[in-house]
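Okay, here's what each chain looks like letter by letter:
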Amino acid sequence: MHDRGHGERTFAGRHGGYVQHAYMNRGGHAFYSRTFVVGGVVHVGVYQGYFWGGRSYYGWYPGFFYAPAFYGWGFQPWGVPVAWGVSAWGWGGPWWGFYGGWFTPYPVYAAPYFWLTDYLIAANLQAAYAAAHEPPPAGEPAPAADAAATTDSASTDSSSTTTTSTAVTLTPEVKQAIAEEVKAQLAAQQAQASSASTTSAASTTTSTTTTATSTTPPAALDPAKRTFVVDTDVTAVNSGAECGLTSGDVVTRLTDTPDATDNTVNASVSATKKGDCPAGSTVAVKVDDLQEMYNHFQEQLSSGMGEMAKKQGTNGMPKAPDTKTTASDVPTPKADPDAAKDIKDENADADKVEADVKAEASAPGGGL
């Protein structure tokens with residue numbers, strides 16, 4: 001992460017990253033544009049910035065809203081459960097075989113938010129598979145496969161089917177916790193959509209004034225939000241040693257007050273595929289990482305609503321109320337044309353630092 005101040009930052013990971021710029025102010029709130037480049041695919045998002053506890057945080061902000069009735073429909077039960085098999089989802093291919101023993105879709109959907117839960121889980125597993133099987137940069141070893149893989153349709157090597165006691169399947173209880181978070185988010189977005197419809201555009205400016213201080217903690221520390229789905233590779237700390245979480249893993253936040261030194265909170269590993277951070281263990285996770293998980297969850301939920309809007313009224317799914325969209329009060333910005341280069345440069349700088357550290361450690365007397 002390279003933070004240049006005033007909300008300007010670049011985050012680069014092995015599988016992509018984003019570049020953030022100050023965008024506009026509206027109603028006393030500062031908004032930022034983020035251009036994501038992941039696997040060569042570019043998309044743009046809007047983030048609202050604020051200070052809390054002496055630190056800056058950024059929360060995803062919708063570029064558009066559905067009609068409030070559609071959000072309400074999303075968290076109300078259907079009259080008759082809907083069967084929606086793998087073929088209706090269109091799932092298949094290597095990722096599905098790879099994680100088939102870890103993720104079990106609902107046999108039927110009693111309400112839209114259960115359908116959205118499986119949509120979110122599947123999207124994260126597809127991302128995890130793509131990241132784990134992406135060719136590594138020249139000279140680097142291939143990433144280790146998730147321990148929970150039971151089959152790999154791309155290989156018959158028995159080494160690709162190993163399991164470990166540190167991995168645990170996505171249990172019905174954990175899925176229910178995710179579903180409850182989906183339901184809560186739909187209700188929150190319904191309220192936001194209703195409020196946005198009455199918001200005046202008169203307060204819009206394009207200046208980059210200081211981000212306001214909030215009296216409300218970031219979503220990552222909201223006592224009402226405990227369940228977080230990992231969106232990308234995250235490093236946590238387990239009993240003093242670093243361990244890794246990957247996309248699709250689930251953690252439950254246990255503490256609400258961050259450590260004053262490293263801004264981490266304790267969380268329990270509720271479900272893990274790779275098993276690097278053992279299931280059931282308590283790990284220290286950075287609040288910033290939890291906030292990004294929450295942001296990604298919201299963005300994926302919006303995408304899932306879009307898919308449900310396309311499919312409502314088909315394959316036995318009841319028709320939904322008004323699915324038309326209305327642009328939010330903060331329009332989606334254009335993509336940063338230099339984002340891919342900035343992310344590549346950030347990775348190159350990080351690689352150089354890492355190489356220098358290794359060279360120093362391996363030199364005579366190094367590390368002494």
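As the structure is a computational prediction, the values presented were derived from the model and not from experiment.

Engineer: Can you explain the overall build of the protein chain? Please cite residues and give values.
Structural biologist: A tally of helices and strands in the protein chain yields seven helices and 17 strands. In the protein chain, which comprises 368 residues, the proportion classed as buried is 44%. Relative to all contacts within the protein chain whose residues are 6 or more apart in sequence, the contacts with residues 24 or more apart total 66%. When the accessible surface of the protein chain is totalled, it reaches about 17,400 Å², and 56% of it is carbon and sulfur.

Engineer: Could you give an account of the state of the cysteines, naming the residues involved and the relevant values?
Structural biologist: One pass over the structure, following the stated rule, counts one disulfide. With its sulfur 2.0 Å from that of its partner, Cys243 forms a disulfide with Cys277. Taking the torsion about the S-S bond as the criterion, the Cys243 to Cys277 disulfide, at about 100°, is right-handed. In this pair, Cys243 is assigned in strand E13 (residues 241-245) and Cys277 in the loop between strand E15 (264-271) and strand E16 (282-286), connecting sequence segments 34 residues apart. Among the residues examined, Cys243 registers a relative accessible area of 5% and is labelled buried.

Engineer: Just give me the short version of the packing of helix H4 (residues 112-132) against helix H5 (residues 172-196), but keep the residues and values in it.
Structural biologist: Where H4 contacts H5, the two axes come as close as 9 Å, and the packing angle between them is 115°. The orientation of H4 with respect to H5, classified from their angle, is roughly perpendicular. Where H4 crosses over H5, the two elements pack in a sense that is right-handed. Residues Tyr113, Phe114, Leu116, Thr117, Asp118, Leu120 and Ile121 of H4 lie in contact with H5, whose contacting residues are Lys175, Gln176, Ile178, Ala179, Val182, Lys183 and Leu186. In the contact of H4 with H5, the residues fall into nine nonpolar, two polar and three charged.

Cut-offs applied
- Residues numbered from 1 in each chain as written.
- Predicted model: local features only at pLDDT ≥ 70, side-chain atom pairs only at ≥ 80, totals over all residues.
- Heavy atoms only, no water.
- Helix = DSSP H or I, 4+ residues; strand = E, 2+ residues; numbered from the N terminus.
- Buried < 20%, exposed > 50% of the residue type's maximum accessible area, 1.4 Å probe, protein only.
- Contact = heavy atoms within 4.5 Å.
- Areas by Shrake-Rupley, 256 points an atom, 1.4 Å probe, with all protein chains shown as cover.
- Disulfide = S-S within 2.5 Å.
- Axes fitted to C-alpha atoms, helices over the stretch in contact; angles between N-to-C directions.
- Parallel < 35°, antiparallel > 145°, perpendicular 65-115°, else oblique.
- Left-handed = near helix turned anticlockwise from the far one by under 90°.
- Nonpolar A, V, L, I, M, F, W, Y, C, P; charged D, E, K, R; others polar.

Interpretation in functional terms is not warranted from these geometric data alone.
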